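As a plain string of letters, each chain reads:
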Amino acid sequence: MVAILMTIMQYLTSQEITELEFKANEIRQSIIEMLTEAGSGHTAGPLGMADVFTLLYFGILKHDPKNPDWEERDRLILSNGHICPVLYATMAHAGYFPVEELLTLRKFGSRLQGHPHRQSLPGLETSSGPLGSGLSQAVGMALAERMNNPYSAKFMYCLTGDGELQEGQIWEAAFLAGKEQLNNLIVIVDRNGIQIDGYTKDVMPMEPLAEKFEAFNFDVQEVDGHNIRALNDAIGKAQAVYGQPSVIITHTIASKGVDVFERDFRWHGNPPGKGPEDRVTKDKQAEVALEKLRTLAGTINTHDA
Amino acid sequence: MFASHLQPNLSPQSVEKSPTRNGYGDGLLEAGKRDENVVALCCDLTGSTRTDKFAAEFPNRFVQVGVAEQNLASVGSGMAAMGKIPFIASYAMFSPGRNWEQIRTTIAYNDANVKIAGAHAGVSVGPDGATHQAIEDMAIMRALPNMIVIAPADEHEARKATLAAAKHVGPVYFRLGRSATPVVTTPDTPFEIGKAVQMFSRDESLERKVGIVSTGSLLFNSLMAAEELQKNGVGASVLHMATIKPLDEEALLAFAQEHDVLVTVEEHQVAGGLGGAVAEYLSGVHPTKISRVGVQDEFGQSGEPDELVEHYGMGIDSIVKAAREGLE
């Protein structure tokens, strides 16, 4: 087990990174299991962001799963609510609620709504799904925190998709974040290059993305979203930036971890069992995905994983 | 008979006028003095929403959001999540008009403690024309769970509504007017969220009985219409419902039972606002003939406020006419 680290950024040993990678793998398996059981939901984004979420909940955030309303906690605001399977799975593995409850995703009466509902589940900071609103809320939280305590070391981590950046509201919020020089705001963009209708470069090209954020007075970093050490370093730098909000553009691979699903935009909104069949037939998709994860895509024996 | 807590000698000639947004400005400043968690946000309309008094007194608790109403709503939600009591102001056409979904998801669904002030509601906005005249705002806000919807009658009631909103925990929408409208109530007139107040009581010796249900600044026209009806032998009462959600069902049911017909009066589309709310409720418990005075499914236009209110059928004569037609 990886210990939950309550302190602000620090150096991670190789052993700790290995543990985080294993934790991310477990979380990916949970994502496959819960989506398969739900019979609907999004696969590509949650798998792609599993490394980022694992690092945040097990290495970065000041939080207490047993006391989710702890006033001094950092805030994690998921703006692209449709990737909530990764949020729920990470929260469960971090101890917010039993891992078994993940199998209630999207079912009647579940606390794990198809898109997050703040009041349903302790530990959620907001409700989201309609795209583009999370950044504004994170800006509001950052402003309020600064009013309360200008020396606060509490951070607002806002996670957004890349297709989501096509929403005008994102840039309304970016204007205000830049104007207010919100150094306690750290935006993490899931730059996986896909959205429902296709590749972002075809649906609505958004490059040069870094320059866009720079023009709004953000400190911008681009990192490999699957390299835990690189992510850890980037977040550490973002915490140290003063006088500017930060954005970390994490380049991720859609459906990362299940090579037969990877990079295919058709996995954006389909669960295992309902995805494209050119590489794996529907009846085998869940089984193959879990096998791929348990064996690290066939590189290790199942019993070692 | 006029309620004793109203301004004395109310008449079109003598009544004092002031915009309801002035009451918001005063109430917001007062709320800010009472509670340091009160913060104000505005979208480049600080003067015309009367947020300026608060901004001048508490510059560190005021956020100028720029022309970005969608951001306004969700920034407000984020601040509320951190314990603030945000008052977000713009024109009603833009907030809640443009940012309705952000209000729905990030404020109403979260049950966030955000207060939404929609200024320049109604056709009485005047010369700016239909693009700036919000006459659907109560309908879209009334449909939202957790949301309270208030249309204050005048500056005193707007001030009280602002202070009450600051104390209420949860989302509140209140609409405000641009133009100077009659000051009908006094600081002593009762106001409580969710409570209707009878502002005019009928002469019980008169046989025919009309109940007028008003909201917003058309309270004055409703009172004048009631007086006119009584002079002509028709018993008339006015029940003022500043809060249209939650509806004061108890008061409304009793009012309906005491009258032959009802007339609802609002500066809003007749669909979905006060008239809709009253009809929805009474149809289930006490089916009552209701004439709905308001805008009849059309857009406004440029003009002087009073002339527009008359043109769209919300003047004193129109209310009297609606009452008489209801009795026929």
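Residues numbered from 1 in each chain as written. Chains lettered and ligands numbered in written order. Predicted model: local features only at pLDDT ≥ 70, side-chain atom pairs only at ≥ 80, totals over all residues.

### Some words on the overall build of chain B
Just so we agree on the cut-off: Numbering goes from the N terminus for both helices and strands, where a helix is a DSSP run of H or I of at least four residues and a strand is a run of E of at least two. Every radius of gyration here is taken over C-alpha atoms, with the globule rule written as 2.2 Å times N^0.38, N being the number of residues. Here a residue counts as buried when 20 or more other C-beta atoms sit within 10 Å of its C-beta, as exposed when there are 12 or fewer, and as partly exposed otherwise, the C-beta atoms being derived from the backbone. Residues are scored as being in contact if the C-beta atoms we place from backbone atoms lie within 7 Å.
Counting its regular elements, chain B contains 11 helices and 14 strands. Computed over C-alpha atoms, the radius of gyration of chain B comes to 19 Å, within 12% of the 20 Å expected from 2.2 N^0.38 for 328 residues, which places it in the range of a compact globule. In terms of overall dimensions, chain B has C-alpha extents of about 60 × 40 × 35 Å along its principal axes. In chain B, buried positions account for 62% of the 328 residues. Taking all contacts inside chain B whose residues are at least 6 apart in sequence as the whole, residues at least 24 apart take part in 80%.

### What to know about the environment of E304 of chain B
All names here are of chain B. Looking at where E304 falls in the secondary structure, it is placed in the loop between β14 (289–295) and α10 (305–311). The exposure class of E304 is partly exposed, given the 13 C-beta atoms found within 10 Å. Note: C-alpha distance between E304 and S179 (125 residues apart in sequence) is 9.4 Å.

### Examining the domain arrangement of chain B
A common way to state how big an interface is: give the accessible area lost once the parts meet. All names here are of chain B. Condition: All the domain ranges listed were derived from an automatic or database domain assignment. Residues are grouped as follows: Ala, Val, Leu, Ile, Met, Phe, Trp, Tyr, Cys and Pro are nonpolar; Asp, Glu, Lys and Arg are charged; every other residue, Gly included, is polar.
In terms of domains, chain B is made up of domain 1 (20–182) and domain 2 (197–327). Placing a centre on the C-alpha atoms of domain 1 and another on those of domain 2 gives a separation of 26 Å. Contacts between the two partners involve 29 residues from domain 1, matched on the other side by 29 residues from domain 2. Contributions of two or more residues to the side of domain 1 that touches domain 2 are made by α5 (137–142), β6 (148–150), α6 (155–167) and β8 (181–182). Here the side of domain 1 that touches domain 2 is composed, by residue class, of 15 nonpolar, nine polar and five charged.

### Notes on the interface of chain A and chain B
On the chain B side, the residues contacting the 23 residues of chain A number 24 residues. Where the side of chain A that touches chain B is concerned, the elements lending two or more residues are α5 (134–148) and α6 (168–179) of chain A. Considering every element that reaches the side of chain A that touches chain B, the biggest residue donor is α5 of chain A, with 10 residues. Looking at the side of chain A that touches chain B, its residues break down into 10 nonpolar, nine polar and four charged.

### Structural notes on the nonpolar core
Under the convention used in this document: Nonpolar core, as used here: buried Ala, Val, Leu, Ile, Met, Phe, Trp, Tyr and Cys residues forming one set through C-beta atoms within 7 Å.
Within the largest apolar cluster, 195 residues are counted, with the highest numbers of intra-cluster contacts made by V139, Y157 and L185 of chain A together with I212, I319 and A323 of chain B. Counting contributing residues, this core receives three or more from each of domain 1 (20–182) and domain 2 (197–327) of chain B. Leave out the neighbours within four places in its chain, and L185 of chain A touches A138, V139, A142, M156, C158, A177 and P245 of chain A.

### Comments concerning helix α9 (residues 274–285) of chain B
Residue and element names in this part refer to chain B. Note the following rule: A helix is expected to span 1.5 Å multiplied by its residue count minus one.
In this model α9 runs 17 Å from its N-terminal to its C-terminal C-alpha over 12 residues, within 8% of the 16 Å that 1.5 Å per residue would give. Residues L274, G275, G276, A277, V278 and L282 constitute the buried set of α9. Check the buried side of α9 and you find it contacts α5, β10 (209–214), β12 (243–245), α8 (249–258), β13 (261–269) and β14.

### Comments concerning the packing of helix α1 (residues 14–38) of chain A against helix α3 (residues 50–60) of chain A
Residues and elements named next belong to chain A. Defined as follows: Orientation is described by axes fitted as lines to C-alpha atoms, over the contacting stretch for helices, and by angles from 0 to 180 degrees between their N-to-C directions. In what follows, roughly perpendicular refers to angles from 65 to 115 degrees, roughly parallel to angles under 35, roughly antiparallel to angles over 145, and oblique to any angle outside these ranges. Working rule for handedness: look at the near helix, and if it is turned counterclockwise from the far one by less than a right angle, call the crossing left-handed; if clockwise, right-handed.
Two elements in contact, α1 and α3, have axes whose closest approach is 9 Å; the angle formed by their N-to-C orientations is 120°. Considering the angle they form, α1 stands oblique to α3. Remark: the crossing between α1 and α3 carries right-handed chirality. Only A50, D51, F53, T54, L55, F58 and G59 of α3 make contact with α1, whose side of the interface consists of L20, K23, A24, I27, R28 and I31.

### Notes on the environment of E291 of chain A
Note on placement: E291 of chain A falls in helix α10 (residues 285–294). Separated by 21 residues in the primary sequence, E291 of chain A and N270 of chain A have C-alpha atoms spaced 19 Å apart.

### Comments concerning the sheet that holds strand β2 (residues 156–161) of chain A
Residues and elements named next belong to chain A. The test is simple: One bridge is not enough; two strands pair if DSSP finds at least two bridges between them.
Pairing is parallel in the open sheet, where five strands are placed in the order β1-β2-β3-β7-β6. Lying at the two open borders of the sheet, with one neighbouring strand each, are β1 (75–78) and β6 (219–224). The mean angle between the axes of side-by-side strands here comes to 20°, regardless of whether they run parallel or antiparallel. Both β1 and β2 contribute to a ladder of four bridges, which runs parallel. Bridge pairing links L76 to Y157 in β2. Sheet contacts for α5: β1, β2 and β3 (185–191); angle to β2, the most-contacted strand, approximately 170°.

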